[in-house]
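Remarks on the overall topology
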Amino acid sequence: MNGDTTTNMLLLIIALFALSFLMQELQIYRIITEVENYLGIIRAARERALHAAKEQVRKYSKSLDPEYVSRRIDKLIETRIIAPTSLDPFGIVRKLKHVLSVGERTLESEVASLAPAASPYEVQNLIVLVDIARSLNEVYKLLNHYYLVARRFKSLWLLMQLSAAMPFIIEEVRAVEGAVEAFRRSIPIGDSAGPLVAAFLIRKYGVQYLVEPVKDTIVAKLAYSGKDIYVVKGKGPGGNTGHYDDAVAWVVQRTKPAVIITVDAALRYEGEVSGEVVHGFGVAIGGTGVEKYGIEEIATKHSIPLYAVLIKMTEVEALSAMTEEVYRGVKEGVAVVEELLASLPDGSSAIVVGVGNTVGVPP
Amino acid sequence: MNAGRAPHPKRWIPTYIVLLASLLILAAALALQYLRTGSDSYLVSAAFVAVIAVYTAWSFARLITLKVTPRSLMTLLKCPSCGHEIVRRYREGDMLFSELDACPKCGSKMVAEGIFLKEEKH
């Protein structure tokens, strides 16, 4: 081996060694750019949602200083709900319900004070708009935190995890952002499928009476011949979900229902059709699980069968203005509930709960 | 709903056409220069530009076959007297179960039975 060949070999080894580092650096740089682009999309979505919330609140707060309103909303979107400790899980649902209701009441009074000219149902929609801005803000801040940590430590693995999760997160962010326009105009969203089924039943059969035994939740006793049918839904047309467990407890204190039917939107898998209606057993309520727990407790205590009617849709459809396919599903859902009610013996009673956000759906 | 809708991807079609035409002209010019001079560097450059042109053409083909179905917000009106139904574009202020337009058949007030996004048919 002569001197030139040895030098060339050495240079080749050094070049290969340097290239391996260079490739990793290039890969890190590529993923950083990708994550930054995604973060830019999420930041823009947060800004748009925040702007929409501020604009909408300002419509009803002519007497207040716009700067003051803007600052208060900036503060509101930074508030956090702190879940109770699970070190001793006994009674945790009751504690969670307490924390959530305190948060809900405080947010409602804050928004109502910022928008004195808004009607109660408009305040409900403003709360949802602020809530959307709050959730997008939380998502952005969390992802930005992971991004900055990953960048600080030049951690390829953290960046790769972020980059892999981003398309799914963006899909959810777009879904949440899609709700802004629907709440601004107060029109039903996909998640309003349950309350819309309840509203169609109320309109079709008429009511013997309609009461609001629990805040923002109505109970309507249908004028249904031979059976006592109680329909529970969020009050509407403001954007709220009501308190179904307390409303069901109120009905069960007065009658022993033969069945509790919950009608709700359900996420469909890829390949399934939107608006498809399926049956289920159990309580179809998402969210924190507090109300689901409450209804399960009541049903178990009184041995009441639990049926569910699910209307399938994607997450984007659930949070954006209702699509025609979901609307057709709602009509089919009404027919399915009617079939279930018709199969009950005469003289029996039943509770139908229209679960979901009741935006744009009056009683 | 039009507000907040993502920009239509087919807005890039003119850009693609200009880019593809420029690349093809450049590749042809380089090939011509190779034939005139016989220099290999022109041949390599022409091949390189041709590869980029093929990739651009492939992306363009994907773009023009992309199917985007826009949706419009509609209001379904139903006449409580004669049962006549109409689906028309949503107007600001339309509210579910409120009485809106007059029925073209019997003249009664029609009720908004549904507000939903419907696929636009061309």
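Since the model is a prediction, treat every value here as computed from it, not as a measurement.

**Remarks on the overall build of chain B**
- In terms of helices and strands, chain B carries two helices and four strands.
- For chain B, the succession of helices and strands along the chain, N to C, is α-α-β-β-β-β.
- Looking at chain B as a whole, 16% of its 122 residues qualify as buried.
- Considering only residue pairs separated by 6 or more positions, chain B has 54% of its internal contacts joining residues 24 or more positions apart.

**Points about the packing of helix H4 (residues 120–152) of chain A against helix H5 (residues 156–185) of chain A**
Residue and element names in this part refer to chain A.
- Orientation of H4 relative to H5, taken along the N-to-C sense of each, is 165°, at an axis distance of 10 Å. Here H4 is positioned roughly antiparallel relative to H5, judged by the angle of their axes. For the pair H4 and H5, the crossing hand works out as left-handed. Here Asn125, Val128, Leu129, Ile132, Ser135, Leu136, Val139, Leu143, Tyr146, Tyr147, Val149 and Ala150 of H4 come into contact with H5, specifically with Leu158, Leu159, Leu162, Ile169, Val173, Val176, Ala179, Val180, Phe183 and Arg184.
- Its residues assigned to classes, the contact of H4 with H5 shows 19 nonpolar, two polar and one charged.

**Brief notes about the sheet that holds strand S4 (residues 259–267) of chain A**
All names here are of chain A.
- The mixed open sheet is built from seven strands, whose spatial order is S1-S2-S3-S7-S4-S6-S5. Strand pairing shows two members of the sheet lacking a second neighbour, strand S1 (207–214) and strand S5 (277–281), which therefore form its edges. Across the sheet, the axes of successive neighbouring strands diverge by a mean angle of 20°, strand direction being ignored.
- One ladder, built from five bridges, connects strand S2 (residues 217–222) with strand S3 (residues 228–234); its direction is antiparallel. Looking at S3, one finds that isoleucine 218 is bridged to lysine 233.
- In the packing of helix H6 (residues 193–205) onto the sheet, contacts are made with S1, S2, S3, S4, strand S6 (306–313) and strand S7 (349–354), and the angle to S3 comes to roughly 135°.

**Concerning the interface of chain A and chain B**
- Facing 14 residues of chain A, the contacting portion of chain B comprises twelve residues.
- Going through the elements one at a time, H5 and helix H10 (324–342) of chain A are the ones with two or more residues in the side of chain A that touches chain B.
- Class assignment of the residues belonging to the side of chain A that touches chain B gives a composition of nine nonpolar, two polar and three charged.

**As for the nonpolar core**
Residues and elements named next belong to chain A.
- Val248 and Val352 are the most contacted members of the largest nonpolar core, which totals 107 residues.
- For this core, the element with the highest residue contribution is H4, accounting for twelve residues.
- Sequence-distant contacts of valine 248, defined by excluding residues within four places in its chain, comprise Val232, Ile260, Ile295, Ile298, Ile351 and Val353.

**Topic: the sheet that holds strand S1 (residues 71–78) of chain B**
Residues and elements named next belong to chain B.
- Taken in spatial order, the four strands of this open sheet run S2-S1-S4-S3, and their pairing is antiparallel. Two strands bound the open sheet, and with one partner strand each, they are strand S2 (85–89) and strand S3 (99–102). Neighbouring strand axes in the sheet, compared pairwise and without regard to direction, differ in orientation by 45° on average.
- Pairing between S3 and strand S4 (residues 109–119): two bridges, direction antiparallel. Paired with alanine 102 across the strands is lysine 109, a residue of S4.

**Structural notes on the environment of Thr262(A)**
Residue and element names in this part refer to chain A.
- Checked against the element boundaries, threonine 262 lands in strand S4.
- The exposure class of threonine 262 is buried, given the 26 C-beta atoms found within 10 Å.
- A sequence separation of 84 residues divides threonine 262 from glycine 178, and the C-alpha atoms of the two residues are 26 Å apart.

What counts, and where the lines are drawn
Residues numbered from 1 in each chain as written. Chains lettered and ligands numbered in written order. Predicted model: local features only at pLDDT ≥ 70, side-chain atom pairs only at ≥ 80, totals over all residues. Helix = DSSP H or I, 4+ residues; strand = E, 2+ residues; numbered from the N terminus. Buried ≥ 20, exposed ≤ 12 C-beta atoms within 10 Å, placed from the backbone. Contact = placed C-beta atoms within 7 Å. Axes fitted to C-alpha atoms, helices over the stretch in contact; angles between N-to-C directions. Parallel < 35°, antiparallel > 145°, perpendicular 65-115°, else oblique. Left-handed = near helix turned anticlockwise from the far one by under 90°. Nonpolar A, V, L, I, M, F, W, Y, C, P; charged D, E, K, R; others polar. Pairing = 2+ DSSP bridges. Core = buried A, V, L, I, M, F, W, Y, C linked by C-beta atoms within 7 Å.

Any functional reading would require information beyond the geometric quantities listed.
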